[in-house]
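The chain contents come next:
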Amino acid sequence: MHLPKVPRLLGSLSLALGALACGGGRTPGVDERERSIVAEFSDEARTGETARRLARRSQEVHVPLALATEAPGRFSVRYAAVDEPLVEEMFAWSGGVELFARGDSATKSSEIGPFSERLRRARSEGPAAKLAFVSLGRFRIEEAVGPALARLEVGCLADAVGTELYLREDPRKTRLDLPAFAALATKSPALPVLLTRGRSVLYAGPLGPLVERDSTGRDLLHVPFGTDFSAYARAKRQEELLTLPPLPPLSVAASRPAPARWGLAVACLLVPALLSLAFLTLVRRLDRAHPEPRWLVAATFALGALGVPLAGALEAALAHASPWLDPRLAALGGEEGAWFYAFAVYSLVAGLVEESVKALAVFALAGRRKEFDEPIDGMVYAAAAALGFAFLENAKYFADSRLSPLLVIGRTLLSAPAHLFFSALWGAAAGRRLVLRAGKTPMLLWFLAAVLAHGAFDAFLPFDRLAPLALVEAALLTVGFLLLARRALRYAPVVPGVSVDIADERDFSTGRPTGFSLAVVGTLLATLALLSYVGWFRTTHAVETPGFYAVSVPLAALVALGARASIGLLPLAAVVRGGPRPSVTYAGTSRSVASISEAEFADETLLLRSSEGDLTLGPISEAVATELTATLGAPMLPLGAKIA
């Protein structure tokens, strides 16, 4: 049966954009393989627990799997063909570490390239070939001689301290006689050994220094990871892997090609696009009085998306120039004392680069057009560029995770809005420059604020105890975005050659501040509840269940409704300005005072009759409406009159 042309075309487009976003990364549903897995048991309880362990291991080793339980004790997995070596290694390593005598035929040459390719080569040389770290991007192949001298088979207590890892016996899980192991080290301290986790060499050297005793006299394994900058991250990484629950004995069948699923490939492109466009639609609601041309907003969105590969290339170049500029290493394995350093690296590498390419997307086209003529336009076009960037960036992450609902929700609630809020800072300043042409708008300072906010947000995430601060920052940025939008809507489109008198202004409040505050707080609480539920579900379940959707979908709907209500209920100010041409401005629309003939008030709505076009304000209280019309000098019809 031939695939219809349209899905093929969309699938090809997904492949092209996926390659553009991540340099030829995984495209789910295309060029995949699958395997069948059979356990030695057939009860449902152990089947569920094994599925959870497989799912968690897949997350920790960064190999996205489509895991399905076919029957008690029987599973199937589907994955990208490029991940074949990683999948084989994942199932070959059930857990724990092994100690081998070290051969004297270690490969002298080092290799640079994808880890999966290095792993493939090691596997091709037989079970005795192990991969040992040399430096960033460089590994050598070591030979493990004979049977294992000792094993830690079931689990251990692993503790990464700086650049060193300490392994202790867990009396509840471990099957390893460390005292006997220590006796061997005492007898043959100079014996060259390899301590391995699967194919990975954790330690290569004499046996003696590997065994120590703690302050209580208990034996432990002391694994140093060197003194290079990446040692912190590598020690922490091994701690995370060694504390994973072990897998039970599994019979893993040989892999076979999986039929293509073009729908999944297309969805990984359409879902992030639709989510970004939904956010953009909300932002455009702020500019209802003088909406920007759709083609120009769409072009800015596209330019923002094209900034993803450019930003990726620049960030990769900086990380390659020095490990000190590699964000993956900046957290020093999660050491909280390293936060300020991580903040500096993320601000320079991620914040500066990504905000620069988004600003370039705005000022390369929209910023030069005559349509860019009012303060709110700066926020609209900045949002378009930021959400275009978020679209293609999310397409990469969605593809790498096989469109995992957990990741989709997390990045939709955090990543896309964060990009929007960061760029809104300098976007608002760009719009403000239209009003303050003769003055000084600190555009550079607002851009720097966006860079630092971006860096702080990214730097919070690698630290377990500091990660919640990213949510706090996102909440503060949400409020800041709404306040900046409210300020921008105090001004109408700027006429070339006509200055705006901002010295002689008087504000008249409208809206329902209480309702607006409740909408904002409710949206933030619903977002927090949904993210907390997703985090809990990820640690307790293997795959999404009907119960997951029964909880997450209503919460997501509440977030969407709350966001829409927050935009709609944003309390605006009617601004009366003096000067040579007195005017009144509301929601980005301005009328000269001289053109207003009368006013009508009813149902918390004030209608100003003007020869330039009627202006409707509301909801507004009776007292404020009376004061405003008196200031304008316009006669107001009797209260309660019908507004035509």
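Residues numbered from 1 in each chain as written. Predicted model: local features only at pLDDT ≥ 70, side-chain atom pairs only at ≥ 80, totals over all residues. Heavy atoms only, no water.

1. A closer look at the overall build of the protein chain
Going by this rule: Going along the chain from the N terminus, every DSSP run of H or I of four or more residues is numbered as a helix, and every run of E of two or more is numbered as a strand. Note on classification: 1.4 Å probe, protein chains only; a residue is buried when its accessible area is under 20% of the maximum for its type, exposed when over 50%, partly exposed between these limits. Here, residues are in contact when the closest pair of their heavy atoms is within 4.5 Å. Residue exposure ignores everything except the shown protein chains as possible cover, and the areas themselves are Shrake-Rupley values with a 1.4 Å probe.
Each helix and strand in the protein chain was counted, giving 18 helices and 21 strands. Burial statistics for the protein chain: of 644 residues in total, 50% are counted as buried. Taking all contacts inside the protein chain whose residues are at least 6 apart in sequence as the whole, residues at least 24 apart take part in 72%. A total of about 29,600 Å² of accessible surface is found on the protein chain, and carbon and sulfur atoms cover 62% of it.

2. Side note on the environment of L329
In this fold, L329 is placed in helix α9 (residues 327-330). The spacing of L329 and A233 is 96 residues in sequence and 5.9 Å in space, taken between C-alpha atoms. Look past the residues within four positions of L329 in its chain and what remains in contact with it is L136, F229, S230, A233 and P323.

3. Examining the pattern of salt bridges
The cut-off we apply is this: Here, a salt bridge means any Lys or Arg side-chain nitrogen found within 4 Å of an Asp or Glu carboxyl oxygen.
Scanning all chains against the criterion turns up 28 salt bridges. Note that E142 and R140 form a salt bridge whose closest N and O atoms lie 2.7 Å from each other. Under the relative-accessibility criterion, R140 is labelled partly exposed at 22%. Its salt-bridge partner being K396, residue D400 comes within 3.1 Å of it at the nearest N-O pair. In this pair, D400 and K396 are both assigned in helix α11 (residues 375-400), four residues apart and thus about one turn of the helix distant. A relative accessible area of 18% means that D400 is categorised as buried. Note on K396: relative accessible area 26%, which makes it partly exposed.

4. Considering the nonpolar core
The test is simple: We define a nonpolar core as any set of buried Ala, Val, Leu, Ile, Met, Phe, Trp, Tyr and Cys residues linked to one another through side-chain atoms lying within 4.5 Å.
Core analysis: the largest hydrophobic core is formed by 113 residues, its most contacted members being M379, F481, L606 and L608. When residues in this core are grouped by element, the largest group, 14 residues, is from α11. Formed by 26 residues, the second largest nonpolar core is a distinct cluster that contains V97, V193, L210 and A235.

5. Brief notes about the pairing of strand β8 (residues 164-168)
We count it as follows: Two strands form a pair only when DSSP identifies at least two bridges running between them.
Direction of pairing for strand β7 (residues 157-161) relative to β8: antiparallel, over a ladder of five bridges. Across the sheet, residue D159 finds its bridge partner in β8, namely Y166. Here β7 hands over to β8 after two residues, with G162 in that stretch at a positive phi of 65 degrees. Across four bridges, β8 lies against strand β12 (residues 219-224) in antiparallel orientation.

6. Some words on the environment of G263
One can find G263 in helix α7 (residues 262-284). Owing to a relative accessible area of 52%, G263 belongs among the exposed residues under this scheme. For the pair G263 and V30, spaced 233 residues apart in the sequence, the C-alpha separation amounts to 9.9 Å.

7. Some words on the packing of aromatic side chains
Quick note on the threshold: We call Phe, Tyr and Trp rings a pair once their centres come within 6.5 Å, taking the six-membered ring for Trp, and we label the pair stacked below 30 degrees between planes, edge-to-face above 60, and tilted otherwise. For a lysine, the NZ atom is tested; for an arginine, the CZ atom; a charge sits over a ring if that atom is within 6 Å of the ring centre and within 35 degrees of the ring normal.
A complete count under the given rule lists 18 aromatic pairs for this structure. Seen from their ring centres, W339 and F460 are 5.1 Å apart, and the 20 degrees between their planes marks the pair as stacked. Of the two residues, W339 is situated in helix α10 (residues 339-363) and F460 in helix α14 (residues 443-460); the sequence distance between them amounts to 121 residues. Linked through ring pairs, Y533, W536, F537, F548 and Y549 together constitute an aromatic cluster. Its guanidinium or amino end placed over the ring of W93, R197 lies 4.9 Å from that ring's centre, counting from NZ or CZ. Between the NZ or CZ atom of K396 and the centre of the ring of Y397, over which it lies, the distance is 4.7 Å.

8. Let's talk about helix α13 (residues 415-435)
Every α-helical turn comprises 3.6 residues, leaving residues that sit three or four positions apart pointing alike. For clarity, the cut-off: Working rule for helices: expected span equals 1.5 Å times residues minus one.
Helix length check: α13 (21 residues) gives 31 Å between terminal C-alpha atoms against 30 Å at 1.5 Å per residue, within 8%. Counting buried positions along α13 gives 20 out of 21 residues, so the element sits mostly inside the fold.

9. So, the environment of V559
Locating V559 in the fold gives a position in helix α17 (residues 546-568). Those residues in contact with V559, other than ones at most four positions away along the chain, are L413, T523, A526 and T527.

10. With respect to the sheet that holds strand β9 (residues 192-197)
Which entries qualify depends on this criterion: Lines fitted to the C-alpha atoms define the axes, with helices restricted to the stretch that makes contact. Angles between their N-to-C directions range from 0 to 180 degrees.
Sheet architecture is closed into a barrel: five strands sit in the order β4-β6-β5-β10-β9, paired in mixed fashion. Mean inter-strand twist for the sheet, computed between neighbouring axes without regard to direction, equals 50 degrees. When strand β4 (residues 97-102) meets strand β6 (residues 138-152), the two strands line up antiparallel, connected through five bridges. Directly across from A101, in β6, lies its bridge partner V145. Sheet strands in contact with helix α4 (residues 115-124) are β5 (129-135), β6 and β10 (200-206), and its direction is about 140 degrees off that of β5.

11. Things to note about the pairing of strand β1 (residues 32-39)
By the bridge criterion, seven bridges tie β1 to strand β3 (residues 74-80) in an arrangement that is antiparallel. Paired with I37 across the two strands is F75, which belongs to β3. Looking at chain direction, β1 and strand β14 (residues 256-257) are connected through two bridges and run antiparallel. Looking across to β14, one finds that E34 is bridged to R256. Direction of pairing for β1 relative to strand β13 (residues 250-252): antiparallel, over a ladder of three bridges. Looking at the pairing, V38 lines up with S251 of β13.

12. Some details on unusual backbone geometry
What you tend to see is this: most non-glycine residues have negative phi, and most peptide bonds are trans. Cis geometry is found at the peptide bond from G618 to P619, where omega equals -5 degrees. Along the chain, P619 falls in the loop between β21 (615-617) and α18 (622-632). For L332, which is not glycine, the phi torsion reads 50 degrees and is therefore positive. By the secondary structure assignment, L332 is in the loop between α9 and α10. Phi is positive for R402, which is not a glycine, with a value near 60 degrees. Looking at the secondary structure, you find R402 in the loop between α11 and α12 (405-413).

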